[in-house]
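Each chain, written out:
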Amino acid sequence: MSKRGYAASKKLLTGLIGAPIAHSASPAMHERAAEALGLRCHYQLIEVAGADAAGLAMMLEGVRRLGFAGVNVTFPYKEAVVPLLDALAPGAAAMGAVNTVVVKDGRLTGHNTDTTGFARAVAPLLAPSGNAVAVIGAGGVGKAIAFALASLDVTDIRIFDSELARAATLVSLLAPRDGAKVAASVEDALHGATGLVNGTPVGMLPNRDTPVAVTLLHDKLWVTDAVYSPLITPLLAAAQERGARIMTGRELAIYQAADAFELFTGLAPSTEIMGEAFDEVMAARSSTYRAASSRPGGMPGV
């Protein structure tokens, strides 16, 4: 639908496919941004765990038929969705991962705004020269992060994944860019690195683990996490204690959402308004978590 079409209808149906997603701040961000533009948006969470290809195809067919302008896709379906779409934007095709599906004229086209969003978020952390960045995780988010770093001319990208073959596949996808390599371990990835990015779900509530040992963190490092629930993950808390500069998942969440919204509507949303909505969601969730944690045995799921 064109910009004029959305302005005339003032209605917008979008959503998110993934699991678990009850914690997502996306509904608040998209709905608030739409309201500021004079649109009425409903952002539907479509949480289905363990869907196979047939189940995922069925969800996408519903998206196609039910009037959605598009949907976001998150863990664990960013790669699984790729062969089920009608077309891919060049960036999404290059990395084989999609986080945004646009519906137009009955066709589903995959994009990746994790890449554009992370590039916008991480740029201020990069030195004018000499960046060596360790990326933990080579799944859908890890792919987007690595491609974003490459787009910013980071030529020393060390990729570690518990499945080394997956890391090797990502390195091959980044070719012919120089400098991306498979790290044999987290320690190997971090040796001499100036930056560290967690592209795994480790540390997302209710999980309280960290993908990197505290002893590997130091004050010459910047550290960021794609996870934003909680905002200060165990990794970021440990990095902060060791004197590292940190960036939460807030900026990635906001910028990828803004880029997706523009793909859905053709309209550029206010990142300030999206940020306010994100902050309200996180503040409410933090209050709920603290209240539950103060009760005997009370640790909430999300």
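Anything mentioned here points back to the structure above.
> Summarise the environment of Glu-280; cite the residues concerned and give the values.
Note that Glu-280 resides in helix 11 (residues 271-293). In this structure Glu-280 comes out as partly exposed when scored by relative accessible area, which is 46%. Here the alpha-carbon distance between Glu-280 and Ala-25, two residues 255 residues apart in the chain, equals 9.1 Å.

> An account of the sheet that holds strand 7 (residues 132-136) is needed here, citing residue identities and associated values.
Backbone-to-backbone hydrogen bonds pair the strands of a sheet. The strands run either parallel or antiparallel. The sheet built from six strands is open, its strands ordered 9-8-7-10-11-12 with parallel pairing. In this open sheet, the two edge strands, each paired with only one partner strand, are strand 9 (180-182) and strand 12 (245-247). Taking the axes of each pair of neighbouring strands and ignoring which way they run, one obtains an average angle of 20° across the sheet. Two elements, strand 11 (residues 222-225) and strand 12, share three bridges in a ladder whose sense is parallel. Bridge pairing in strand 12 places Val-223 opposite Ile-246.

> An account of the packing of helix 6 (residues 140-151) against helix 7 (residues 164-174) is requested, with residue identities and associated values reported.
Across the interface, helix 6 lies against helix 7 with an axial gap of 11 Å and an inter-helix angle of 35°. By crossing handedness, the relation of helix 6 to helix 7 is classed as right-handed. Between helix 6 and helix 7, the contacting residues are Gly-142, Lys-143, Ala-146, Phe-147 and Ala-150 on the first element and Leu-170, Leu-173 and Leu-174 on the second. Among the residues forming the contact of helix 6 with helix 7, the class breakdown is six nonpolar, one polar and one charged.

> Residue-level account of the pairing of strand 5 (residues 100-104), with values.
The two faces of the sheet receive side chains in turn, since in a regular strand these alternate between them. Among the five residues in strand 5, four count as buried, and that is most of the element. Here three bridges tie strand 3 (residues 70-73) to strand 5, and the two strands are oriented antiparallel to one another. Pairing of Asn-72 across the sheet is with Thr-100, part of strand 5. In this sheet, strand 6 (residues 107-111) lies alongside strand 5 in antiparallel orientation, the contact comprising five bridges. Its bridge partner being in strand 6, Val-103 is matched across the sheet by Leu-108.

> Account for the environment of Thr-224, naming residues and giving values.
Secondary-structure assignment places Thr-224 in strand 11. Using a relative accessible area of 2% as the deciding quantity, one classes Thr-224 as buried. For the pair Thr-224 and Leu-252, spaced 28 residues apart in sequence, the C-alpha to C-alpha distance is 9.8 Å. Each residue touching Thr-224, except ones within four places of it in the same chain, is listed here: Phe-118, Leu-196, Val-197, Asn-198, Leu-236, Met-247 and Thr-248.

About the thresholds
- Residues numbered from 1 in each chain as written.
- Predicted model: local features only at pLDDT ≥ 70, side-chain atom pairs only at ≥ 80, totals over all residues.
- Heavy atoms only, no water.
- Helix = DSSP H or I, 4+ residues; strand = E, 2+ residues; numbered from the N terminus.
- Buried < 20%, exposed > 50% of the residue type's maximum accessible area, 1.4 Å probe, protein only.
- Pairing = 2+ DSSP bridges.
- Axes fitted to C-alpha atoms, helices over the stretch in contact; angles between N-to-C directions.
- Left-handed = near helix turned anticlockwise from the far one by under 90°.
- Contact = heavy atoms within 4.5 Å.
- Nonpolar A, V, L, I, M, F, W, Y, C, P; charged D, E, K, R; others polar.

On their own, these measurements won't tell you what the molecule is for.
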